[in-house]
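A closer look at the structure
Spelled out, the chains give:
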Amino acid sequence: MIGTNIYISQETQESLIKAAALKEISVQELATSILKQSIQEKFGQISYSSENQGKFAINPLVKMQPYAYLADPNEPVISPDDWE
């Protein structure tokens, strides 16, 4: 879970408290559901899983091998001719 501080006006705070009371849920739960819906509307591609099941996107580099640099570590990077 990530804790964040978000500034909202006093009027919005009161509306959030009243709405949470009407739905009989905590203000935190209501704010979380509103944020999830807003983010999904804005970015559409994001899907949420339950907090207990952390799922991450598949790493596109999983099947790739690291680049092998086959030079001699004692070999200078710049040739002596290029120094001049």
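Calculation rules
- Residues numbered from 1 in each chain as written.
- Predicted model: local features only at pLDDT ≥ 70, side-chain atom pairs only at ≥ 80, totals over all residues.
- Heavy atoms only, no water.
- Helix = DSSP H or I, 4+ residues; strand = E, 2+ residues; numbered from the N terminus.
- Buried < 20%, exposed > 50% of the residue type's maximum accessible area, 1.4 Å probe, protein only.
- Areas by Shrake-Rupley, 256 points an atom, 1.4 Å probe, with all protein chains shown as cover.
- Patch = residues over 30% accessible without salt bridge, like charges linked within 9 Å, V, L, I, M, F, W, Y side chains within 5 Å.
- Salt bridge = Lys/Arg side-chain N within 4 Å of Asp/Glu carboxyl O.
- Axes fitted to C-alpha atoms, helices over the stretch in contact; angles between N-to-C directions.
- Parallel < 35°, antiparallel > 145°, perpendicular 65-115°, else oblique.
- Contact = heavy atoms within 4.5 Å.
- Nonpolar A, V, L, I, M, F, W, Y, C, P; charged D, E, K, R; others polar.
- pLDDT = per-residue confidence, 0-100.

**Topic: the overall build of the protein chain**
- The number of helices and strands found in the protein chain is three helices and zero strands.
- Start at the N end of the protein chain and walk to the C end: the helices and strands fall as α-α-α.
- Residues counted as buried form 4% of the 84 residues belonging to the protein chain.
- Total accessible area computed for the protein chain in this model is approximately 8700 Å², and 56% of it derives from carbon and sulfur atoms.

**A look at unusual backbone geometry**
- Despite not being glycine, Glu24 shows a phi value in the positive range, around 60 degrees.
- With respect to the secondary-structure elements, Glu24 resides in the loop between helix H1 (10-23) and helix H2 (27-43).
- Exposure remark for Glu24: the relative accessible area of 72% places this residue in the exposed category.

**A closer look at a nonpolar patch on the surface**
- On the surface, Ile6, Leu35, Ile39 and Phe43 cluster together into a nonpolar patch covering about 380 Å² of accessible area.
- In this fold, Ile6 is placed in the segment before H1.

**Concerning the packing of H1 against H2**
- The contact between H1 and H2 brings their axes to 9 Å, and the two run at 105 degrees. In terms of orientation, H1 lies roughly perpendicular with respect to H2. Contacts between H1 and H2 involve Leu16, Ile17, Ala19, Ala20 and Lys23 on the former and, on the latter, Val27, Leu30, Ala31 and Ile34.
- Split by residue class, the contact of H1 with H2 holds eight nonpolar, no polar and one charged.

**Considerations on the confidence of the model for the protein chain**
- Residue-level pLDDT values for the protein chain average 77, and 73% of them are 70 or greater.
- Helix H3 (residues 80-83) is the least confidently modelled element of the protein chain, averaging 73 in pLDDT, while H1 averages 91, the highest of any element.

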